[in-house]
Amino acid sequence: MTLKFPSFIAVALMGTTTLASAECADPVKVGVLHSLSGTMAISETTLKDTMLMLVEKQNAAGGVLGCQIEAVVVDPASDWPLFAEKARELLTVNEVDVIFGSWTSVSRKSALPVLEELNGLMFYPVQYEGEESSRNVFYTGAAPNQQAIPAVDYFLEELGVEKFALLGTDYVYPRTTNNILEQYLQDKGIAAEDIFVNYTPFGHSDWATIVAEVVALDADGKQVGVISTINGDANIGFYKELAAADISADDIPVVAFSVGEEELSGLDTTNLVGHLAAWNYFQSADTPANAEFIAEWKAFAGEDRVTNDPMEAHYIGFNMWVNAVEAAGTTDVDAVRTAMYGQEFPNLTGGTAVMLPNHHLAKPVLIGEITADGQFDIISQTAEVPGDAWTDFLPASAVLMSDWKDLGCGMYNTETKTCVQLTSNY
Amino acid sequence: MRQLFLAVILCLTSAMAAQAQELQSLLQTHVDEVAKPSRTSVSVLLEDLAGSGLPGVADFLENWSDKNIWQRDDGVFFIATPQGDDLALVDIDSGAQSFAPQSRFQQTKPNGGVRRLIGTALVQFQLSDPDPARRASAIASIARKPEAAQLAPLLAAIKDDPDAALKARKIQVANFLSARFAPDPGDRIAAINSLSKDTSVEARSVLNQILEASEGVSATPPEGNIARILDPAQDPDGFYAKLVAAGMAPARISPAEVRAALEANIVAGKVASIPLGQLDSDDARLRAYTLLSEEGLVPPLVTDEDRDNALNAHVFFERYAEPDPAITKAAEATRQAVEQRVAWAQGGDLVLDGLSLASIYFLAAIGLAITFGVMGVINMAHGEFIMMGAYTGYVVQLFVPDYTLSIIVALPLAFAVTFGAGVAMERLVIRHLYHRPLETLLATFGISIALQQLAKNIFGTQARPLTSPDWLGGAWMISDVISISYIRIAIFVLALMFLALILYVLKRTRLGLEVRAVTQNPGMAASMGINPDRINMLTFGFGSGIAGIAGVAIGLYAKVTSEMGADYIVQSFMTVVVGGVGNVWGTLAGASMIGGLQKGIEWLNPSNTLAAQTYMILFIILFIQFRPKGIVAPKGRAAAD
Amino acid sequence: MKNTFIAQNPSVLWFLLALGLFSIGVTALSEVSGVGVISTSFVKVLGKMLCLCLIAIAMDVVWGYCGILSLGHFAFFGIGGYAVGMWLMYARTEGIVLESLSTQVIPPTPQEISDAIGNQIFGVVGSSDFPMIWSFADSLFLQLLMVVLIPGLLALVFGWLAFRSRVTGVYLSILTQAMTLALSLYLFQNDSGLRGNNGLSGLQNIPGFEATSQATLSIAFFLASSFALAAGYVFFAWVVSGKMGSVVKGIRDNEARVRFLGYHVESYKLFVFTITAIVSGIAGALYYPQAGIINPGEIAPIASIYLAVWVAIGGRGRLYGAVIGAALVSLLSSWFTGGGAPNINLGFYTVNWTDWWLVLLGFSFVAVTLFFPKGIGGLFDYLVRKPQ
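Computed from a predicted model, the values in this text were never measured in an experiment.

K.L.:
I'd like a description of the overall build of chain A, backed by residues and values.
P.N.:
Of the regular secondary structure elements, chain A holds 13 helices and 18 strands. In terms of overall dimensions, chain A is globule-like: its C-alpha atoms have a radius of gyration of 22 Å, near the 22 Å expected for 426 residues. Structurally, chain A occupies a C-alpha span of about 70 × 55 × 55 Å along its principal axes. Within chain A, buried positions represent 63% of all 426 residues.

Right, here's the structure in full:
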């Protein structure tokens, strides 16, 4: 038994996928920490491909600091503890300079302690619940105030919704988002009894009762709207049941925060036309940069592939990181981090994304209506909204702010003027 | 006759107005509102359009609502449809047609809220339109957003409607409007009373809106049409907060405010002569605060006693917005009657949902009832056979675009595919393990993970669409409360058909006889000339084939992913075990119990579906402790393991 | 007594020797010793593997020796992890909160401290109240007691109910699987008070050892796991070797006969079921501080089936078989899915092991069940002992 292990170790140490060979003295390595198997592979594989495409493009343009970039891809297999294990492996064994990865909040929370312990750097590309600002993570996805709050405003102002059904999958993102929204709606004068909240398990398929309950909300003559934080596969059953119950977007509009082009490709959308989604990016955005990005993606990954919001987040994040490295002249994490603040890069949807001192981006918020061909028709686009790490609508976090540039603290209590902690909650 | 005459007059006057002004120039005065419409500001434009009496208004509004209006870079609007990279343009006033490249044009996109307002504005044009679809959309617009002004035109439009269904719908909506807006209270009460048997969401919303009440508080007995007096003792703090919000009482001091007040009054390391170190309990802090307030440095505390005194000095009440008590009384009585009916209907709907869920569980488990129940083989790959069936359906739809035809092809094909897979598995693996049941469990589990991963490798991890034909698309609406989608009814029927088929095969055919013989005593059966190998193979294939068909059905109503089988496998085993192994009726009983129970628990705790599943499984575990052999327990020798 | 036990079980000594050499070797090659051939992350992998070996021998005793195919032992493993995780989270957060509150002028009240801790722990899942279940989280001793007590009690109650009703064989397997599913669904709920899907995280940071590097901590946990495995191995070897072992094996082979011989079968089964559940809990308590995070997904029914797979591949009815199975499959699995295995180019198709590993595992598992029912341990048997 014991004799076997050294060979194992040797293989495990050397055996990570290396994709580009660098001829530089100190090759620049980019870790890609996305699940390629398990339940999350459905979404994350796309991001892995996006990263490979971006690295390839950057290398063709001469790499960074005169070195070719080497992508180190590992597979945490949708197994949350593995995110911690693989993050450690990337940082200590492969010695990558930066990691692009994670999708679910729990996978980020799993990798966080390792990143903070080893002073790594990670770009996290997915919309999330906020309430976090780690020194070692840049959040290129939307915080609640860049997706949920503008969507609710749209419901209140443009659609005149007076009664809300908050439907979500039972995990941290919907829970926290709905908490924020409940408080926000009550601040806006919606009575507590006009907010219906329901949580369902991952992959839920039996939606008849819940859809019936939403219809019944209509009984006091108020305009009903559904805010959906339903995740992944469960959406398919939900939308099928909506269509079967003949609920048109004119009667009860549904806005989803987790349904993008990828998710719609598993559905026949003819009955869903007019329902909404809120993102910072839609494939249908009509700009030259986007047209170019889509063309590159189709050439790289296949003609039938679609683009989506987290892909844009990686696109912006990666390019900002490259620019920050060039500006800092090194890949050293602290130097790059300092160079990141104030970095600007054009969005694919027009306008410019700016990296803020709280590690979030300022990005425009888009609201799109589902069309019959599985795309979104953009009907509303705001100016750039700065991402807010700590929401202003929950009393406990309203007093908190994050500023890594000047205050050097991600959880700063503005009332007591102290830094609550330098590490994050995980 | 008079109607017709009026219509002619209307047409004439609008034709005259058209000469005075063109629609395009009117639109140009509101150019921003047309190009970037918003619900909050579009009504000015809509009023102007409606008031202009121009002939093209209705046409324009319909096209605008359908996102067919495009703006050229010089601001001019056209009705346009994209054709390739070009736009086919129609001039808004003259109707002249032309082509132009898309690059100079911007599409206008009224959002859902604006479209609803456009719909309301279109009502006057569409209510008596010859096209029934337009009339229907006009009525829908009224029903969606009833307004007092619509009552008279709607009443006028009822009589001449040639379509019986639309006419009935007009009468119904007019009745709703009368209940709320009729000028004569007698008419209103009559309309309200007529709603007492209507459980529709619309009728209930009419009643609820009549009965809209707002909370209030006053120091003196309240005036107006009072709905009820509230008792503040139910929630003293909540009601006190209302008093504070109304500015009728001082706010309570929260612990955080106490703390802040103390911090603000620190004198030489002490607060009101109490050292800071001692302020680490709420009692000490309150003591210090009281001392401070006695010095007049901070506002005094509001004690529980103060609160109760304040509450007793005020009356909390709800007051109807409707001033006429006769109307609210009638509406209240009607609402009670309706709610009674709704409660019954909800009970009925719950039963339907339970039945539907039971039939899904039954369909997922029935194949298992044969392979596990009759043959005693634990097939952990059963879920993957369901998945294979669903993917077969998906592949068929790739080749047969007609949904109805593709389902007809997919059902037998799914049976064939999974039958083949089942037979292969039985021959290659299970045959060798008949005397080691626990190891079948493990071997089939190995097959299960391999098949799941294979499906991922072949079809990708993305969920695949399996679309039901249109005639299975809608729902059977008995009322707004009781409804069930056709696809669920189809699954229910399918489940019943399989129950009948399996019972028939097992009880009435030679094959069934042989299956039962082999199950009871393989050796004896063999000596009677039955080939047990062949029977086992066929039975297993039969059970697997049914799983394949179940897969198509489940894929139609939910989703097709490589993991869909895993969602059903534990539930399916529980269904079979709870029902009683070896008996198809038992599986039916098990599925009914599990489906009904789950819906019942969900009804008790509607905001948490996950809890319902947890409690249901706990219940099943307990149930099996007390009836280890299931609901329909096998008797005699078959009962031995 | 001791002599006869060792004499009857020479494999115990061999095992202890191998485990000892392995532990010393890993420690010597780790970053702590300065050699650094084995990275900290790999030490963690090995430490976790030892914990999996421990639960695998527990599984082997309950299944391989007693014939109860429990598909619920990973639930006990998870409970152990949760119990220790609650203390780890609480104590770590308490430290942060006390430090942050200490800067304030007025000393905090106990209520304020508890609110602040609650807000830090549950803030990420949108709540701030401490659920009942966290009552003892501030005491390491009580939480460690929970590691043993809760799996033990759950197994005792569940086993008593099940064995009393004579639920056996496949039925029992499905029942234990239902128990696991119920537990994981319960933990998935946010309302259960254990942070729902997120679970407990940051467990690798041990309160009181903030200054100690993860390299040292990982070796400490590795050695602790190694010691636990050794102790567990000796204990179970002792349990299955005496008269008790004979009765237990008798129950596996023919329960009715043992009952007719006058043994109270239910008590024996209950004892084995409970004691293995407790050991599983201990294994979990050692595993999760190394993994760093525990969440309900860990307890999903499939984990327990994998446990059975390891034991079957390693070889049932021999303790070292379980160890071999758990070690081999878990290491191979991380090697293949980690992209360590070279891709095979077939010309028309490239076999990427990240995608195909599970297919291979699945089919090799079928092959083992069909052709080597004694597993790898059986092969070992065949080589070491003379053929009978």
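K.L.:
Run through the nonpolar core, naming residues and quoting values.
P.N.:
One finds C53, A56, I57, A178 and A308 of chain C to be the most contacted residues of the largest nonpolar core, which totals 428 residues. Among residues more than four places away in sequence, those in contact with C53 of chain C are L229, V323, A326 and A327 of chain C. Listed in part, the nine residues of the second largest apolar core include L279, Y289 and V298 of chain B together with I106 of chain C.

K.L.:
Provide a residue-level description of the interface of chain C and chain B, including the pertinent values.
P.N.:
How large an interface is tends to be reported as the accessible area lost when its parts come together. The interface is formed by 45 residues belonging to chain C together with 44 residues belonging to chain B. Within the residue set of the side of chain C that touches chain B, elements represented by two or more residues are helix 6 (140-164), helix 7 (169-188), helix 12 (301-314) and helix 14 (353-371) of chain C. Taken together, the residues of the side of chain C that touches chain B sort by class into 32 nonpolar, ten polar and three charged.

K.L.:
Can you lay out the interface of chain C and chain A for me, pointing to particular residues and giving the numbers?
P.N.:
Taken together, the contacts link 47 residues of chain C with 45 residues of chain A. Breaking the side of chain C that touches chain A down by element, the ones donating at least two residues are helix 2 (10-29), helix 3 (40-65), helix 4 (73-101), helix 5 (110-122) and helix 13 (319-337) of chain C. Here the side of chain C that touches chain A takes five residues from helix 3 of chain C, the largest share from any one element. Its residues assigned to classes, the side of chain C that touches chain A comprises 15 nonpolar, 31 polar and one charged.

K.L.:
Quick one: what's the story with the pairing of strand 15 (residues 376-386) of chain A, residue by residue and with numbers?
P.N.:
All names here are of chain A. Alignment of strand 14 (residues 361-370) against strand 15, held across eight bridges, turns out to be antiparallel. Among the inter-strand pairings, I370 is bridged to a residue of strand 15, identified as F376. Counting the residues in the hairpin turn of strand 14 and strand 15 gives five residues, including G374, whose phi is positive at 80 degrees.

K.L.:
Before we move on, could you go through the sheet that holds strand 17 (residues 409-413) of chain A and cite the residues and values that matter?
P.N.:
Residue and element names in this part refer to chain A. Here three strands make up an open sheet; going across it, the order is 16-17-18 and the pairing antiparallel. The two strands at the open ends of the sheet, each matched to only one other strand, are strand 16 (400-403) and strand 18 (418-419). Where strand 17 and strand 18 come together, two bridges link them in antiparallel fashion. Counted as the bridge partner of Y412 is C419 from strand 18.

K.L.:
Tell me about the domain arrangement of chain B, and name the residues and values.
P.N.:
Structurally, chain B comprises domain 1 (2-126), domain 2 (135-210) and domain 3 (343-639). Relative placement of domain 2 of chain B and domain 3 of chain B: their C-alpha centres are 48 Å apart.

K.L.:
Any details on the sheet that holds strand 10 (residues 315-320) of chain B? Residues and values, ideally.
P.N.:
All names here are of chain B. Strand order across the open sheet formed by three strands is 6-10-7, with antiparallel pairing between neighbours. Strands at the two margins of the open sheet, each flanked by one partner only, are strand 6 (213-218) and strand 7 (226-230). Within this sheet the neighbouring strands show an average axis-to-axis angle of 25 degrees, counted without direction.

K.L.:
Any details on the packing of helix 4 (residues 42-52) of chain B against helix 6 (residues 112-126) of chain B? Residues and values, ideally.
P.N.:
Residues and elements named next belong to chain B. Two elements in contact, helix 4 and helix 6, have axes whose closest approach is 11 Å; the angle formed by their N-to-C orientations is 20 degrees. Relative to helix 6, the element helix 4 is oriented roughly parallel. For the crossing formed where helix 4 meets helix 6, the hand is right-handed. Where helix 4 approaches helix 6, its residues V42, S43, L46, L49 and A50 are matched on the opposing element by V114, L117, I118, A121 and Q124. Each residue belonging to the contact of helix 4 with helix 6 can be placed in one class, and the counts come to eight nonpolar, two polar and no charged.

K.L.:
Tell me what's going on with the domain arrangement of chain A, and back it up with residues and numbers.
P.N.:
All names here are of chain A. Domain boundaries assigned for chain A yield domain 1 (16-142 + 287-363) and domain 2 (145-285 + 367-386). The interface of domain 1 with domain 2 comprises 24 residues on the first partner and 20 residues on the second. Residue assignment for the side of domain 1 that touches domain 2 shows that the elements contributing at least two residues are helix 2 (41-60), helix 4 (105-118), helix 10 (288-301), helix 11 (309-328) and strand 14. Here the side of domain 1 that touches domain 2 takes three residues from helix 2, the largest share from any one element. Tallied by class, the residues present in the side of domain 1 that touches domain 2 amount to nine nonpolar, ten polar and five charged.

K.L.:
Outline the packing of helix 9 (residues 164-181) of chain B against helix 10 (residues 185-193) of chain B, supporting the account with residue identities and numerical values.
P.N.:
All names here are of chain B. Taken N-terminus to C-terminus, the directions of helix 9 and helix 10 make an angle of 130 degrees; their axes are 7 Å apart at the nearest point. When the axis of helix 9 is compared with that of helix 10, the two are oblique. Between helix 9 and helix 10 lies a crossing of left-handed hand. On helix 10, the residues touching N175, S178 and A179 of helix 9 are D187, R188, A191 and I192.

K.L.:
So what about the confidence of the model for chain B? Which residues, and what values?
P.N.:
Residues and elements named next belong to chain B. The predicted model of chain B averages 85 in pLDDT, with 95% of residues at 70 or higher. Confidence, read as mean pLDDT per element, is least for helix 1 (residues 2-20) in chain B (48) and greatest for helix 17 (residues 382-399) (94). A low-confidence stretch, residues 10-20 stays under pLDDT 50, and its non-local contacts, those more than four residues away or across chains, total ten contacts. Segment residues 636-641: pLDDT under 50, and six contacts once partners within four positions in sequence are set aside and those in other chains are kept. Among the prediction metrics, the complex's ipTM stands at 0.87, with pTM recorded as 0.87.

K.L.:
Quick one: what's the story with the environment of W471 of chain B, residue by residue and with numbers?
P.N.:
As for its position among the elements, W471 of chain B is in the loop between helix 19 (437-459) and strand 11 (475-477). Taking C-alpha positions, W471 of chain B is 9.1 Å from I487 of chain B, a pair spaced 16 residues apart along the chain.

K.L.:
Tell me about the environment of T220 of chain B, residues and numbers included.
P.N.:
All names here are of chain B. With respect to the helices, strands and loops of the structure, T220 is situated in the loop between strand 6 and strand 7. Note on T220: 7 C-beta atoms within 10 Å, which makes it exposed. Along the primary structure T220 and H314 are separated by 94 residues, whereas in three dimensions their C-alpha atoms are 7.1 Å apart.

Each value, and the rule that gives it
- Just so you know, the residues in each chain are numbered from 1, in the order the chain's sequence is written.
- Written order determines the labels here, with chains lettered from A and ligands numbered from 1.
- Since the coordinates come from a predicted model, pLDDT governs what is reported: local features require at least 70, and pairs of side-chain atoms require 80 or more to be given and counted, while whole-chain, interface and lining totals use all residues.
- Comment: elements are numbered from the N terminus, with helices defined as DSSP H or I runs of at least four residues and strands as E runs of at least two.
- Here the globule rule is a power law, 2.2 Å times the number of residues to the power 0.38, and the radius of gyration is based on C-alpha atoms.
- A residue is called partly exposed when the number of other C-beta atoms within 10 Å of its own lies between 12 and 20, exposed at 12 or fewer, and buried at 20 or more, with C-beta atoms placed from the backbone.
- Note on terminology: a nonpolar core is any set of buried Ala, Val, Leu, Ile, Met, Phe, Trp, Tyr and Cys residues joined through C-beta atoms within 7 Å.
- This entry defines residue contacts through backbone-placed C-beta atoms, with two residues in contact when those atoms are within 7 Å.
- Amino acids outside the nonpolar list (Ala, Val, Leu, Ile, Met, Phe, Trp, Tyr, Cys, Pro) and the charged list (Asp, Glu, Lys, Arg) are all regarded as polar, and Gly is one of them.
- Pairing between strands requires that DSSP locate at least two bridges from one strand to the other.
- Domain ranges listed in this record stem from an automatic or a database domain assignment.
- For helices, the axis comes from a line fit to the C-alpha atoms of the stretch in contact; other axes are also lines fit to C-alpha atoms, and the angle between any two N-to-C directions lies between 0 and 180 degrees.
- Just so you know how the angles are binned, under 35 degrees is roughly parallel, over 145 roughly antiparallel, 65 to 115 roughly perpendicular, and the rest oblique.
- The crossing is said to be left-handed when, going from far helix to near helix, the turn is anticlockwise and less than a right angle, and right-handed when the turn is clockwise.
- Every residue carries a pLDDT, the predictor's confidence in it, which falls somewhere between 0 and 100.

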